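The chain contents come next:
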Amino acid sequence: MSKSINKISSTAVPVHLENVDTDQIIPARFLKATTRDGFGDNLFRDWRYNSDGTPKKDFVLNNPTYSGKFLVAGKNFGCGSSREHAAWAIKDAGFDVVVSSFFADIFKNNALNNFLLPVTVSDEFLKQIFAAIEKDPKTTLSVDLEAQTITLNGRSEPFEINNYKKTCLLNGYDDIDFLLSLKPEIETFEQKHATI
């Protein structure tokens, strides 16, 4: 299965809360696992489930009205501790894109390293996204990574991304894959500069 990301169009799940920290995304008690599998089941665990494990009916992830590859969150998403498991949980839950008007730097980097695209939009555009989803849960968002745009109802806004990470996401490369992709250039360089 390809890990590459370029154009994604999908409905979205709105988490209309600001300052969501990584302990809320994936509580510390679930960090003992050594593989990335299964973290999606505990995404927003304490908001999503009662202490007896039953789903809280008023939490958005338990509402079948909302689904999709986009998680739309309030400002300052992913703050708090630097746990990479937060990105694992979101990705494992089936999301490919997280949209917010501000991401904590460490979360943003962890997301990019795990093929989860963090898209930073203006506060105004974020408000429009939340309003559109509230009005119609079937509202579709579209991201074009190559063009670096996100589109809602025909209106597009550009977003920034590190060029290296963009290349990796477009090609489905992790850091090692990227180095391996340069092997022909490295070999050519070595042959040109080989000493006799």
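It should be emphasised that the depicted structure is a prediction, and the values quoted were computed from it without experimental measurement. (Residues numbered from 1 in each chain as written. Predicted model: local features only at pLDDT ≥ 70, side-chain atom pairs only at ≥ 80, totals over all residues. Heavy atoms only, no water.)

Visitor: I tried to follow the pairing of strand 3 (residues 70-73) on my own but got confused; where do I start?
Guide: Residues Phe70 and Val72 of strand 3 are buried on one face, and the alternating residues Leu71 and Ala73, pointing to the opposite face, are buried as well. Judged from the four bridges that link them, strand 2 (residues 12-15) and strand 3 form a sheet pairing that is parallel. The residue bridging valine 15 from the neighbouring strand is alanine 73, located in strand 3. Bridge analysis of strand 3 against strand 4 (residues 97-100) gives three bridges, and the strand direction is parallel. Paired with valine 72 across the two strands is valine 99, which belongs to strand 4. For the handedness criterion, the β-α-β arrangement of strand 3, helix 3 (residues 85-92) and strand 4 is classed as right-handed. (Buried < 20%, exposed > 50% of the residue type's maximum accessible area, 1.4 Å probe, protein only. Helix = DSSP H or I, 4+ residues; strand = E, 2+ residues; numbered from the N terminus. Pairing = 2+ DSSP bridges. Right-handed = clockwise from strand over helix to strand, strands pointing away.)

Visitor: What exactly am I supposed to notice about the sheet that holds strand 1 (residues 7-10) here?
Guide: Backbone hydrogen bonds hold the strands of a sheet together, and the pairing may be parallel or antiparallel. The sheet built from four strands is open, its strands ordered 1-6-7-8 with antiparallel pairing. In this open sheet, the two edge strands, each paired with only one partner strand, are strand 1 and strand 8 (155-158). Each strand of the sheet is rotated relative to its neighbour by a mean of 15°, with strand direction disregarded. In this structure, strand 1 lies alongside strand 6 (residues 141-144), joined through four bridges in antiparallel fashion. (Axes fitted to C-alpha atoms, helices over the stretch in contact; angles between N-to-C directions.)

Visitor: Just checking my understanding: could you explain the environment of arginine 155 for this structure?
Guide: One can find arginine 155 in strand 8. In the structure, arginine 155 is positioned 30 residues away from phenylalanine 125 in sequence and 9.4 Å away in space, judged by C-alpha atoms. Setting aside anything within four residues of it in sequence, one finds arginine 155 in contact with Phe125, Gln128 and Ile150. Within the structure, arginine 155 has its side chain in polar contact with the side chain of glutamine 128 (distance 2.7 Å). (Contact = heavy atoms within 4.5 Å. Polar contact = N/O pair within 3.5 Å; in protein donor to acceptor, adjacent residues only side chain to side chain.)

Visitor: What am I meant to see in helix 4 (residues 105-113) here?
Guide: One full turn of an α-helix is made of 3.6 residues, so residues set three or four places apart face in the same direction. Within the sequence span of helix 4, burial applies to Phe107, Asn110, Ala111 and Leu112. Of the surrounding elements, those touching the buried residues of helix 4 are helix 1 (22-25), helix 3, strand 5 (117-120) and helix 6 (163-171). The positive-phi residue at the C-terminal boundary of helix 4 is phenylalanine 115, with phi of around 60°.

Visitor: I'm lost on the pattern of salt bridges in this one. Help?
Guide: Two side chains of opposite charge can pair, provided their charged atoms sit close to one another. This model, assessed by the stated rule, comprises six salt bridges. Here aspartate 23 and arginine 83 are joined by a salt bridge, their closest N and O atoms 2.9 Å apart. Of the two residues, aspartate 23 is situated in helix 1 and arginine 83 in the loop between strand 3 and helix 3; the sequence distance between them amounts to 60 residues. For aspartate 23, a relative accessible area of 36% puts it in the partly exposed group. The salt bridge partner of glutamate 157 is arginine 155, with a shortest N-O separation of 3.7 Å. On the accessibility criterion, glutamate 157 (9% relative accessible area) is buried. (Salt bridge = Lys/Arg side-chain N within 4 Å of Asp/Glu carboxyl O.)

Visitor: Would you take a moment to explain the packing of aromatic side chains for this structure?
Guide: For any pair of aromatic rings, geometry is given as the distance between the ring centres together with the angle between the planes. Scanning the model with the defined rule gives seven aromatic pairs in all. Ring geometry for phenylalanine 39 and tryptophan 88: centres 5.4 Å apart, planes at 70°, overall edge-to-face. Linking phenylalanine 39 in the loop between helix 1 and helix 2 (45-48) with tryptophan 88 in helix 3, this pair joins segments that are 49 residues apart in sequence. Each of the two residues, phenylalanine 39 as well as tryptophan 88, counts as buried. Considering the side-chain rings of phenylalanine 44 and phenylalanine 59, the 5.8 Å spacing of their centres and the 65° angle between planes classify their relative orientation as edge-to-face. In this pair, phenylalanine 44 is assigned in the loop between helix 1 and helix 2 and phenylalanine 59 in the loop between helix 2 and strand 3, connecting sequence segments 15 residues apart. Of the aromatic side chains, those joined through ring pairs into one cluster are Phe44, Trp47 and Phe59. Between the NZ or CZ atom of arginine 45 and the centre of the ring of tyrosine 49, over which it lies, the distance is 4.4 Å. (Phe/Tyr/Trp six-rings, centres within 6.5 Å; stacked < 30°, edge-to-face > 60°. Lys NZ or Arg CZ within 6 Å of the ring centre and 35° of its normal.)

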